[in-house]
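A structural walkthrough
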Amino acid sequence: MRALAIGAGREQADPIAIARALGAEVLALDGRADAEGAGAASSFAHVDLMDAEAVLKIAREFRPDFLVPAPLARPLITAGIVNDRLGLKGVTEHAARLANDKQAMREAFTTAGVPMARQISVGDVQALRAAAETLGFPLIVKPRSGSGSRGVVLAEREGELPATLDGADWLAEEALTGREIGVDGAVIGGEVRLLSIRWKMLTPAPHRQAISYLAKDPAGEAVSPQVAAIAAKAFGALQCDNVLFHADMMVSDEGRVSLIELAPRPSGHAIHSALLPLCHGQNVMESFISLVLMGQVMAPLGFQRPAFFSFLPVPPGRVAATPDFAGLIAKQERIAVKCELEKGDVLGPLIDGASALQRGFMVMLTADELEGTRMAGRLAAQVPVESK
């Protein structure tokens, strides 16, 4: 079989390697000639992933049987166009366009009966202040498109509203209260299957980047029926099937679940490559590609054990020495660490996905959030940092 990978960056390298290991010939595409995942593919082509017609031309010549799932936001539209034009399984153009437009997505989802926060489109600071008077505080201010928590700000009072807005496409959104969760799942044959419920810890205001997750078995979580029902309604609006998905939801103190955002693509930031395989005892991406996209027979996915994931909470500054974690984790079979920091690297504040990934991460087999948080802190302390 042939597989086309639209994107060959660092986070696409694992899915590309998985598809090849399963016997597929993989052609990887990327806008960077030195993309990290290019070497994992059978062949590589340099192309602008946002140029759908150029990608479609290559796809028609290659004639893939499926697209390799990728945690990419903007090129998702290109993937949807290729799937639609070539009659392949996976995300559709309609679903991809909604997923890349938070206002249009909310309109479609609320029409389908999905509970979501109130939201107002704003084009300048004056409109933002007017929206704040209507929605009240606390208030989320975020770009209409984008991912990885880039540009997202939580304002708890008027004086914390952004003084300027870069561009005209911004949203003011009622800040829901409670505990935020991440949801990983799949839609297969029209059926929503939950893979994990991840209870989040976020950065302090004003930013909203997840620092850590405690992933638990959906079968044991009281919120799972609401989560599954919300996802089913959302996918009814998205009109797509046979996809991996992730979502952010809020659980109120009373246990009510509301949707924040949902995307018909796998989670990024090492969730699919590092955390979920630890929880399931097998690679979720491998199972999905083999079973859904290649029609092979594999053991069904089953959640086996809770696990904790954390970005290393290293403070801003210049890394004074390349960190060595060997002494701390040598006898800790439950822990794995990935950190590529080297002496001289400069770290800014931890405010979004990019700055979190730069620090590296740890995964740990534990159901104890406090134990995981303490271990993440001990690992971060192994990174000597000089204030800038």
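Below you will find a few notes about this structure. This structure is a prediction, so every number in the text was calculated from the model and none was measured. Once a new chain begins, its residue numbering starts again from 1 and follows that chain's sequence as written. Local features in a predicted model are, by the rule used here, given only for residues with pLDDT of at least 70; side-chain atom pairs are given and counted only at 80 or more, and totals for whole chains, interfaces and linings are based on all residues. Excluded from the side-chain calculation are hydrogens and water; included are all heavy atoms of the structure.

Description of the overall build of the chain
- Runs of E in the DSSP output that reach at least two residues are strands. Runs of H or I that reach at least four are helices, and both are numbered from the N terminus. Scanning the chain from terminus to terminus reveals twelve helices and 19 strands.
- Only the C-alpha atoms count toward the radius of gyration. The rule for a globule is 2.2 Å times the residue count to the power 0.38. Over its C-alpha trace the chain gives a radius of gyration of 21 Å, about what one expects of a compact globule, namely 21 Å for 388 residues.
- Buried, partly exposed and exposed residues are distinguished by accessible area as a fraction of the type maximum, computed with a 1.4 Å probe on protein chains only: under 20%, between the cut-offs, and over 50%, respectively. Of all 388 residues assigned to the chain, the portion counted as buried reaches 53%.
- Should any heavy atoms of two residues lie within 4.5 Å, those residues are counted as being in contact. Nonlocal contacts in the chain, meaning residues at least 24 apart in sequence, comprise 64% of its contacts between residues at least 6 apart.
- Charged residues are defined narrowly, with Lys and Arg counted positive, Asp and Glu counted negative, and His plus the chain ends left uncounted. To locate a charge, take atom NZ for lysine, CZ for arginine, CG for aspartate or CD for glutamate. On the chain, the mean spot of the 38 positive side-chain charges and the mean spot of the 45 negative ones are 2 Å from each other.

Points about the sheet that holds strand E16 (residues 335-338)
- In this scheme, strands are said to pair when DSSP sees at least two bridges between them. What the eight strands build is an open sheet, ordered E13-E12-E9-E10-E11-E14-E18-E16; its pairing is antiparallel. What marks the edges here is a single partner per strand, and that holds for strand E13 (257-263) and E16. Across the sheet, the mean angle separating the axes of adjacent strands is 20° when strand polarity is ignored.
- The sheet contact formed by strand E14 (residues 307-311) and strand E18 (residues 361-364) spans four bridges and is antiparallel. Along E18, the bridge assignment pairs Phe309 with Val363.
- Structural elements are reduced to axes, namely lines fitted to C-alpha atoms, with helices fitted over the stretch in contact, and the angle between N-to-C directions of any two is expressed from 0 to 180 degrees. Each of strand E9 (179-188), strand E10 (191-202), strand E11 (210-216), E14, E16 and E18 is contacted by helix H12 (residues 369-380), which is oriented at about 145° to E18, the strand it contacts most.

Observations regarding the sheet that holds strand E3 (residues 43-46)
- Overall, parallel pairing links the four strands, which are arranged E3-E2-E1-E4 in an open sheet. The outermost strands of the open sheet, each flanked by one partner alone, are E3 and strand E4 (66-67).
- Here two bridges tie strand E1 (residues 2-6) to E4, and the two strands are oriented parallel to one another. The residue of E4 that forms the bridge with Leu4 is Leu67.

Describing helix H8 (residues 271-280)
- With nine of ten residues buried, H8 lies mostly within the body of the structure.
- Of all the residues in H8, the buried ones are Ile271, His272, Ala274, Leu275, Leu276, Pro277, Leu278, Cys279 and His280.
- Gly281 lies just past H8 and shows a positive phi near 75°.

Overview of helix H6 (residues 125-135)
- Every buried residue of H6 is accounted for by Val125, Leu128, Ala131, Ala132 and Leu135. All buried residues of H6 lie within an arc of 110° about the axis, which places them on one face of the element. Residues of H6 that are exposed and angled more than 90 degrees away from the buried face: Gln126, Glu133 and Thr134.
- Where H6 is buried, its residues contact strand E5 (119-122), strand E6 (139-143) and strand E8 (170-174).
- In protein, a polar contact requires one atom able to donate a hydrogen and another able to accept it; more generally it is a pair of N or O atoms within 3.5 Å, and residues adjacent in sequence count only if both atoms are side-chain atoms. Its side-chain oxygen 3.2 Å from the backbone nitrogen of Gln126, Asp124 forms the N-cap of H6.
- Just downstream of H6 lies Gly136, where phi reads positive at about 80°. Relevant arc is that of directions from the helix axis to the C-beta atoms, nothing else.

So, the environment of Ile351
- Positionally, Ile351 belongs in the loop between strand E17 (346-347) and helix H11 (353-359).
- Measuring from C-alpha to C-alpha, the distance between Ile351 and Arg208 comes to 7.2 Å, with 143 residues separating the pair along the chain.

A word on the pattern of salt bridges
- The working definition used for a salt bridge is a side-chain nitrogen of Lys or Arg within 4 Å of a carboxyl oxygen of Asp or Glu. Taken as a whole and judged by the stated rule, the model has 21 salt bridges.
- A salt bridge links Arg198 to Asp184; its shortest N-O distance comes to 2.6 Å. Taken together, the residues Arg198 in strand E10 and Asp184 in strand E9 connect sequence positions 14 residues apart. As far as the burial class goes, Arg198 and Asp184 line up, both buried.
- Note that Arg256 is salt-bridged to Glu254, the shortest N-O span being 3.6 Å. Across the pair, Glu254 and Arg256 agree in class, each one exposed.

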